[in-house]
Amino acid sequence: MAISYDDIVNADFSDLETAAKSWEGMGKRFGTLGGHYRAHVRAAVDADSWQGEGAKMFGKWGGKTAEEYDQAEQEARGVGALFRLAHATFESHKKAVEKARDDAQAAGMDVNSHGHCTMNLDKVEAKKGKKVADQYRGDKQAQTVVEEKWDGAIKKAVREAQEADAAMKKRFMADPKEPEKGLPGGFNGAIGEEAVKRTAKRVANTYNSLKNGEVPPPRELQEASILARGLDEDPEFSRTLINSVGGPEGLVKVHNRLDDLAYVSDPEHKKSYLSLDRGLAANLASATKNPESSFYKDFKDKMEKVGLKKYDLKLVTKNPDDAPGPGPVRGYQSLVSLMQRGDDNYGKQFLTDTADAIRKAEDEGQDGDPDVWDLKGNFDGKKYAHFANDPYDGVLEVMSRQPEVSTEYLDPGKVMDKGDNLYYLLNDRDWKNVEMGPVGPDGHDPDGETSHSRRGLAHALEAGATGELPQDVKEPARLHPLHTGAEARVMNGVIHSLAPDQGAGGIHHNLQEPVANALADYASDTHETLYRSDNIRNETGVKESGEYAELSADPEKLIQTMRGVSESPDAFSKIYDAERAQINRGIDGIPDDLGPKSDKVVDEMRRAGAGMGAMEAIKEDILGDKASDELEKAQWKAKIRYHVIGGFLTPIGGGLGDPLQRFVDTWTWEEANEESAEIKKELNAKKTEQWLSSDFQVRNMVSGWATSAGLKDDDPAVTNLTARDAMSQRDHTRDEAAQYLK
């Protein structure tokens with residue numbers, strides 16, 4: 001019996017998705033078993049130690065067994081693909097039926113459980129006015145015509161769903177072709193393959209219509225979008241789809257056409273076009289996941305040519321007076337724009353190969369053209385945010401969403417040189433891809449950067465150095481992170497590349513906060529580097545021990561990099577807070593029974609003084625440079641007051657005992673409860689200046705510890721601990737850091 005309207009609108013297809021995942025999981029397990037069989041059983045008996053007829057027979061049947069594992073894996077995956085196809089198909093038709101119903105209701109119809117429409121004159125009056133409703137009240141025939149129109153629309157959608165259901169039943173019951181490998185009557189890897197390929201070609205027809213300048217009806221666009229996303233995890237579907245739209249060049253043209261429609265020609269239906277584009281991006285990720293496949297190798301070779309070809313894109317080919325423009329754009333700019341709409345599940349090899357190809361096209365050291373991506377107009381603003389005018393920065397942004405890929409791509413190895421990706425990006429790359437005219441006789445290049453330049457690089461640096469997804473600078477730093485040798489090498493390379501001659505700032509504004517996030521992640525290492533008596537300074541670089549590594553940065557370059565990022569008050573607050581957290585952590589480790597003369601206590605207070613001294617030097621240098629602009633200076637100080645005084649202190653984690661909690665409280669500050677707002681305002685200005693000074697911080701820190709240890713502030717040993725140890729180390733480190741910043 002055919003499914004009814006009520007069956008369709010109340011259907012829950014989630015079990016189909018669950019079944020698909022279960023079958024795919026079974027396929028993976030068969031693949032694992034087949035790998036074990038080849039690695040252990042076949043390998044053992046293939047050795048020269050077994051000779052004779054038995055060995056020959058096993059060789060014959062053992063090969064068949066291996067093929068059966070392959071067929072079992074493919075059959076399970078094929079059945080899973082069929083369930084995914086069913087899920088996507090039925091969801092598409094259910095949405096079509098629901099849309100027909102919703103449109104009818106929006107027109108003033110009541111729709112019953114059979115999908116039959118009856119005009120509700122009160123709704124019509126509310127939507128279209130009393131005059132229209134009265135016309136229908138007086139003309140029952142006209143009312144019937146409208147009801148039948150909406151009845152027909154719903155019936156058509158139901159009929160198409162019924163046809164799809166019948167077609168899917170045939171696909172599940174069809175006898176597949178016999179496999180060429182394996183045993184007769186054994187597992188069959190051909191199951192599902194043809195159905196998936198046919199569906200991919202049907203979806204490709206919709207994309208090709210778009211590419212050729214047509215606009216298919218909304219129902220067809222919706223079905224293509226649902227099927228493209230519903231089957232995007234099936235590599236065979238994705239490869240067939242991309243091949244059917246014309247490979248890399250067709251992919252670029254389809255994306256550009258969807259972009260034209262969404263942002264220029266038909267923005268009213270932008271959501272539909274972007275949904276199709278996201279489906280295309282998801283299929284691109286699936287199709288390119290296996291770098292050993294023949295599809296991947298062919299796609300990569302063709303993309304290297306397509307990436308440099310020029311294509312029309314309406315967003316940048318308008319009247320030259322309407323910047324940005326005119327185009328055309330390069331294939332890699334379109335490809336990366338498409339990739340940015342994906343779900344961040346691109347294969348590592350695809351990401352690195354794409355980044356390498358883009359670098360090769362622009363790097364003079366590899367016979368590239370640094371101006372290859374240049375376009376007129378700066379592409380600033382939300383209107384152009386979706387377009388990757390700088391494809392290298394764009395692919396780095398995509399890469400940053402998979403930190404392990406960023407780490408591997410940016411890792412300079414034990415010694416960084418000019419050929420490394422990290423060195424090139426931080427030192428040699430021409431980031432000016434806004435075309436402003438030819439280089440002048442004096443050698444001056446008038447080209448410029450967009451306001452979002454280097455954001456992709458910034459996030460990739462943070463992800464690569466920390467092994468974590470980029471975070472907002474206002475989020476607390478991690479307190480006990482562990483880093484691999486590769487991550488630490490990236491961080492060390494960043495410090496060395498950004499620090500030289502950067503004492504007065506100079507770190508690009510878009511790099512400041514992400515680099516500060518990365519520095520904060522290494523606070524347990526940099527806290528030691530800032531203490532000049534520590535042996536960690538004897539040998540700078542990355543020290544690996546087993547799975548993890550420690551960063552021993554050059555103190556001068558570290559201070560200069562910290563100073564450079566601190567142009568952003570949020571960035572300064574982040575590294576300041578991370579340093580305070582390390583001080584907290586050190587004092588937390590002091591045993592309760594130790595007094596102020598203990599080596600452990602003295603050492604921790606000196607380290608704390610060193611950390612506060614370094615931050616004081618950076619703060620003084622920034623305010624000194626900004627002295628000519630009192631407003632900017634005041635704004636910078638106001639922001640760090642907000643974050644450092646009233647903001648968060650990175651928690652140590654775990655239960656804090658009362659003594660330590662009292663110490664944590666020494667880092668917080670509350671406004672005096674004055675009756676007069678004006679008096680309070682004056683007191684606040686004075687008190688915050690005092691509070692932010694390292695002098696106050698260090699004295700308050702020692703006093704807080706002494707109180708928690710049951711000592712009095714005027715105890716001579718506590719006084720000596722403050723002046724001779726903590727404050728003296730503060731002075732030494734502040735002076736040393738100030739010298740680095742001259």
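Some thoughts on helix α28 (residues 694–708)
The α-helix winds at 3.6 residues per turn, so residues separated by three or four positions along the chain end up facing the same way. End to end, α28 covers 21 Å across 15 residues, agreeing with the expected 21 Å (1.5 Å per residue, within 8%). All of the buried residues along α28 are S694, Q697, V698, M701, V702, S703, G704, W705 and A706. G710 sits one or two positions beyond α28 and adopts a positive phi of about 80°.

Considering the environment of W150
Along the chain, W150 falls in helix α6 (residues 140–173). Given a relative accessible area of 15%, W150 falls into the buried group. In this structure, the C-alpha to C-alpha distance between W150 and Q105, residues 45 residues apart in sequence, is 9.2 Å. Not counting residues up to four positions away in its chain, the partners in contact with W150 are A100, D103, A104, A107, M109 and C117.

Quick notes on the nonpolar core
Grouped burial of nonpolar side chains is what soluble globular proteins tend to show. Counting residues in each nonpolar core, the largest one holds 138 residues, and the members touching the most others are Y207 and L284. Of the residues forming this core, the biggest block, 11 residues, is contributed by helix α24 (residues 599–625). Setting aside residues no more than four positions away along its own chain, Y207 makes contact with A228, L241, V245, V254, L258, L276, G279 and L280. The next biggest cluster of nonpolar side chains, apart from the first, holds 21 residues, and it includes Y5, I8, C117 and Y136.

Re helix α8 (residues 218–230)
If you check α8, its first and last C-alpha atoms are 18 Å apart, about what 13 residues at 1.5 Å a residue would give, namely 18 Å. Among the residues of α8, L221, E223, A224, S225, I226, L227, A228 and G230 are the ones counted as buried.

Here's the deal with a nonpolar patch on the surface
Judged by side-chain polarity, M57, W61 and L183 come together as a nonpolar surface patch covering roughly 290 Å² of accessible area. Relative to the elements of secondary structure, L183 occurs in the loop between α6 and α7 (193–211). We classify L183 as partly exposed; its relative accessible area is 33%.

Thoughts on the pairing of strand β7 (residues 541–545)
As paired elements, β7 and strand β8 (residues 548–552) share five bridges and run antiparallel to each other. Paired with V542 across the strands is L551, a residue of β8. Where β7 hands over to β8, the hairpin turn is made up of two residues, of which G546 adopts a positive phi near 70°.

Topic: the confidence of the model for the protein
Summing up the model confidence of the protein, the mean pLDDT is 86 and the portion of residues at 70 or higher is 87%. In the model, residues 652–665 has pLDDT below 50 throughout and makes 19 contacts with residues more than four positions away in sequence or in other chains. In this model, residues 669–676 is a region of pLDDT below 50 whose contacts with residues beyond four sequence positions or in other chains number 14 contacts.

Thoughts on the packing of aromatic side chains
Within this structure, the stated rule accounts for 13 aromatic pairs. Seen in terms of ring centroids, F572 and W636 are 5.2 Å apart; in terms of plane orientation they differ by 55°. Their pairing is tilted. With F572 in helix α23 (residues 569–588) and W636 in helix α25 (residues 630–645), this pair connects stretches of sequence that are 64 residues apart. Looking at W636, the relative accessible area reads 3%, which means it is buried. Taken together through their ring pairs, the aromatic side chains of F295, F299, Y346 and F350 make up a single cluster. When the ring centre of Y424 is taken as origin, the NZ or CZ atom of R359, which lies over that ring, is 4.3 Å away. Residue placement shows R429 over the ring face of W431; its charged tip is 4.4 Å from the ring centre.

Quick notes on the packing of α8 against helix α11 (residues 270–287)
At a minimum axis distance of 8 Å, the contact between α8 and α11 shows a crossing angle of 25°. The orientation of α8 relative to α11 falls into the category roughly parallel. For the pair α8 and α11, the crossing hand works out as left-handed. Of the residues in α11, those in contact with L221, A224, S225, A228 and R229 of α8 are Y273, S275, L276, R278, G279, A282 and N283. Residue composition of the contact of α8 with α11, grouped by class: six nonpolar, four polar and two charged.

A closer look at the environment of K300
Mapped onto the secondary structure, K300 falls in helix α12 (residues 294–306). K300 sits in the partly exposed class, given a relative accessible area of 29%. Taking the C-alpha atoms as reference, K300 lies 8.0 Å from D353; in sequence the two are 53 residues apart.

A look at the pattern of salt bridges
Throughout the structure, instances matching the rule amount to 48 salt bridges. For R341, the salt bridge goes to D259, with nearest N and O atoms at 3.1 Å. Here D259 lies in helix α10 (residues 247–265) and R341 lies in the loop between α13 (331–339) and α14 (348–362), a separation of 82 residues in the sequence. Here R341 and D259 have matching classes, each one buried. Note that E449 and R454 form a salt bridge whose closest N and O atoms lie 2.8 Å from each other. A single network of salt bridges, built from pairs that share partners, joins D122, E125, K130, D134 and R137.

The rules behind the values
- Residues numbered from 1 in each chain as written.
- Predicted model: local features only at pLDDT ≥ 70, side-chain atom pairs only at ≥ 80, totals over all residues.
- Heavy atoms only, no water.
- Helix = DSSP H or I, 4+ residues; strand = E, 2+ residues; numbered from the N terminus.
- Expected span 1.5 Å × (residues − 1).
- Buried < 20%, exposed > 50% of the residue type's maximum accessible area, 1.4 Å probe, protein only.
- Contact = heavy atoms within 4.5 Å.
- Core = buried A, V, L, I, M, F, W, Y, C linked by side-chain atoms within 4.5 Å.
- Patch = residues over 30% accessible without salt bridge, like charges linked within 9 Å, V, L, I, M, F, W, Y side chains within 5 Å.
- Areas by Shrake-Rupley, 256 points an atom, 1.4 Å probe, with all protein chains shown as cover.
- Salt bridge = Lys/Arg side-chain N within 4 Å of Asp/Glu carboxyl O.
- Pairing = 2+ DSSP bridges.
- pLDDT = per-residue confidence, 0-100.
- Phe/Tyr/Trp six-rings, centres within 6.5 Å; stacked < 30°, edge-to-face > 60°.
- Lys NZ or Arg CZ within 6 Å of the ring centre and 35° of its normal.
- Axes fitted to C-alpha atoms, helices over the stretch in contact; angles between N-to-C directions.
- Parallel < 35°, antiparallel > 145°, perpendicular 65-115°, else oblique.
- Left-handed = near helix turned anticlockwise from the far one by under 90°.
- Nonpolar A, V, L, I, M, F, W, Y, C, P; charged D, E, K, R; others polar.

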